[in-house]
Amino acid sequence: MRSGYKKIILRKINSHTSIVENFQSMRKVLILLCAFLPTAAAYSQTSAHLSKILVELPGGKMGDTELIAIKRIREYTNAIVQVETSSPKKENKKEFDLTVILGTSGDSQELKNEWQKHASAREDSYLLQTSSNRPLTVLASGTNKRGTLYAAYQLADLLKAEADISKLNLYFEPKIQQRYVSFGATTHGRRYYRPALYYQTLKELPRYGYNGVLIYPGGGTPIGRQSSPVAETESGKLYRDTANTQQWKNWFKELKTYQHDIVMTIPPMIPPGYTNKEIVDFYDGGPEPKDYITNLKSHYKEFLQLLTHDYPEIDSYLFNSTEGATFGRNERFFGAPAPDRFPNQKYMENNERIMRAYFDVLSEFFKSDLHKVSFWTHSFGLTSEGITKMREILFQYPQVLILEDDYWNNNLWPNNIPAMKYLSEGLRAKIHTKNPFGMFQIATDGEYFGGGSLPNAYPGSHVRSAKDALARNARMVVQRLDLHDRTPYGTSFGTMEIVPITASKQLWNPVPDEATIWQDWASRRFGKKAAPFVVDALKQSEPILANGLLCNGIDLLGNGSEFNTKMWSKEDNGFAHFQLFGKPGRKLVQKTDADIIYSEEYASYQMDTHTIGINDFLQSRDKALQSVAYALDQIQKAKPYLKAEDYTMLNGIFVNGRNVINALKLLGSAAYATNIMMSNFDHVKDPKALFDRSIANLEAYIKAGKLIPEMNQNLQTIAKNYKQVGNKASPR
């Protein structure tokens, strides 16, 4: 208090003699005191004021869960953290700015009393409750150890974000039983492999409320790319490899330390003794090799016996026929048919037999535990017939959970389309009514939209699909943290983390509003002062994606976030051109649900994509560039409050976005000019001059080297192709 105010207050009190007058004077004193002296509770309400924290473990034991929880609290505050396994005396607590009572619901009477308010709490529920302000005490507790870990992580996030912890009254309960995650640590368009990212990401998983990990060998594991827990010779013979088994068991032990269920992806198998041609022909609709189905069944049973015997740590199994299971010898059933070689009817019959053979073995092997088996329907190469037939077969094994993708192809997620639009409307309506249902979400997509080097922090699509899963009474939601990345971070440590943060919170009650999720995340990740500007910038991701990196629903990049040379140079009657820039208004896929739709047609089919005029295309890119400019301005405002490395990342994302969009403008102009050379549908006065100018502009941009080397190489290939086509063509 200023000394002048103190003298005024004392003088007023001494000058009055009546009790009423003295009371009124004292009241004024109190008002002034409140104005100038912060209370003890207010002083200790955020981590900025904490210098010493006591973590009390009423359970009396320091196990793996407690070690992980305490380590996270230590990492996320600058305070000294002391741990006690027995309750210290009350007077001893006064030396701490904060006491955290960390334990499960039955570890102490105080925790039991608090949990009585939530008598019907589901497994994994957790709470954060401020039980006292003098001294400041917070209960961080779960119904089980996993829930307690969630509570500790949320408290750590609040401390790091400098949130008010003096009045915490938070309770969270999961909406669904199986909240799983899958992640793969590759980088730079799959050119590099970073197994260390697995262990870094594992440390973050409790933040999202996940309770299981899907092992996805096709996306990589710490053991290696496409590694199998059951060893297999080149000819297909199964055997035990002690060193390999130990590596897998070490990884499983790490997962169990974090209280995760383990879901193992199991692949389709090829029994030994058959040539590749025999197998491919049979899967394409040709004759069955001698005793193939019989040998397939016995071989697959042997694989299951080895897997379940050697790895009792596994809790459940995900069977599929796609790249997620491409380890060892396998062949995808219901893959791409070969109608030029075999009748389509035989292809369907053969693949139905193959799929049933697997499920007959699974049914016999697991018996009453068949509910532990799920089937992921994701498989490239399927036609619409195969998609439908696969579900019809699954409906005949009603204990098996059907796991559907939210969007397919995976790069359709930024578009505002219904989840599972790849299914016909009738099938989509009943898919969750026949079997237990689950949904697979590509929650951080570094594979198609820049891996942390393009503005793609847009959670809206996955919020919608998570709500769709819940509306269908899903038993399982799997969110993939795709760790493809062109930054040093890994996407879970850069900007894209907002997507799984927001999507995973939809699986819990209560669900915070999205503005709160954004603000809390950005405050924790980038600091309270930088957060508003960073959020404003990253929210430009949606218009940048929609107007800059897509066109009529088509992803203008491709796998690895590079320019797809095949897409931009599609062969058509001997000429190469990009279909989008034909005469405006023509549908790219002229088919209905009654027709057979092939895999490569599915993106355009689902989006009802039409050709577009070049001016509309360029105007849309210019809108995206306006969004980029606004975002860059916000990042400059945030710069004084950001760490240098975070500023470099955030600024780089939008600068790279601007460069890629400018390249797309030039690429689109060159594709349009090439099409005009082939057919002057726009009645351009001098097609050759337009063509030469467009190619020259594209080549000059390539020479400037503003893009990553791989993208420049893509552009060189496309430009060379266009020049060959344009120089041979004469406008018609």
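What counts and what doesn't
- Residues numbered from 1 in each chain as written.
- Predicted model: local features only at pLDDT ≥ 70, side-chain atom pairs only at ≥ 80, totals over all residues.
- Heavy atoms only, no water.
- Helix = DSSP H or I, 4+ residues; strand = E, 2+ residues; numbered from the N terminus.
- Contact = heavy atoms within 4.5 Å.
- Phe/Tyr/Trp six-rings, centres within 6.5 Å; stacked < 30°, edge-to-face > 60°.
- Buried < 20%, exposed > 50% of the residue type's maximum accessible area, 1.4 Å probe, protein only.
- Lys NZ or Arg CZ within 6 Å of the ring centre and 35° of its normal.
- Pairing = 2+ DSSP bridges.
- Axes fitted to C-alpha atoms, helices over the stretch in contact; angles between N-to-C directions.
- pLDDT = per-residue confidence, 0-100.

Asks: How do you make sense of the environment of Trp521 when you look at a structure like this?
Replies: Examined against the element boundaries, Trp521 turns out to sit in helix H17 (residues 514-526). For the pair Trp521 and Leu158, spaced 363 residues apart in sequence, the C-alpha separation works out to 9.6 Å. Ignoring anything within four residues of it in the chain, the contact list for Trp521 reads Gly494, Thr495, Glu497, Ile498, Ile501, Phe526 and Leu538.

Asks: What exactly am I supposed to notice about the packing of aromatic side chains here?
Replies: Both the distance between ring centres and the angle between the ring planes are used here to describe each pair of aromatic rings. Tallied over the entire structure, the rule returns 41 aromatic pairs. An angle of 65° between the planes, with centres 5.0 Å apart, marks the rings of Trp408 and Tyr602 as edge-to-face. Note that Trp408 is positioned in the loop between strand S16 (401-405) and helix H14 (425-434) and Tyr602 in helix H21 (residues 602-607), a separation of 194 residues in sequence. Across the pair, exposure class does not vary: Trp408 and Tyr602 are buried alike. What links up through ring pairs into an aromatic cluster is the set Tyr300, Phe303, Phe319, Phe333, Phe334, Tyr347, Tyr358, Phe359, Phe375 and Tyr397. We note Arg621 situated over the ring of Phe617; from NZ or CZ to the ring centre the distance is 4.2 Å.

Asks: When you look at the sheet that holds strand S6 (residues 169-174) in this model, what are you seeing that I'm missing?
Replies: Whether parallel or antiparallel, the strands of a sheet pair through hydrogen bonds between backbone atoms. With mixed pairing, seven strands are arranged side by side in an open sheet as S2-S1-S3-S5-S4-S6-S19. Here the strands that pair on one side only, and so sit at the sheet edges, are strand S2 (80-84) and strand S19 (508-509). Bridge count between strand S4 (residues 126-133) and S6: four bridges; the pairing is antiparallel. The residue of S6 that forms the bridge with Leu128 is Leu170. Those strands touched by helix H7 (residues 145-160) are strand S1 (52-56), strand S3 (98-104), S4, strand S5 (136-142), S6 and S19, and its axis lies near 55° from that of S4.

Asks: In this structure, what is going on with the confidence of the model for the chain? I would like to understand it.
Replies: If pLDDT is low for a region, its predicted coordinates should not be looked at in detail. Of all residues in the chain, 90% attain a pLDDT of 70 or more, and the chain-wide mean is 88. Scored below 50 in pLDDT, residues 1-44 makes 26 contacts in the model with residues more than four places away or belonging to other chains.

Asks: Can you help me understand unusual backbone geometry in this one?
Replies: The general pattern is negative phi for most residues beyond glycine and trans for most peptide bonds. Residue Pro135 follows Arg134 across a cis peptide bond; omega there is 0°. With respect to the helices and strands, Pro135 occurs in the loop between S4 and S5. With omega at 5°, the peptide bond leading from Trp408 into Asn409 counts as cis. With respect to the helices and strands, Asn409 occurs in the loop between S16 and H14. At Phe334, a residue that is not glycine, the phi angle is positive and equals roughly 50°. Along the polypeptide, Phe334 turns up in the loop between strand S14 (316-320) and helix H12 (344-366).

Asks: What is the right way to look at the pairing of strand S7 (residues 178-184) in this model?
Replies: Burial analysis of S7 places seven of its seven residues in the buried class, which makes it a mostly covered element. Side chains of S7 alternate between two faces, with Gln178, Tyr180, Ser182 and Gly184 and Arg179, Val181 and Phe183 buried alike. Alignment of S7 against strand S18 (residues 476-482), held across seven bridges, turns out to be parallel. Of the residues in S18, the one forming a bridge with Ser182 is Arg480. The pairing of S7 with strand S10 (residues 212-215) spans two bridges and is classified as parallel. Each residue of the ladder has a partner; that of Val181, found in S10, is Val213.

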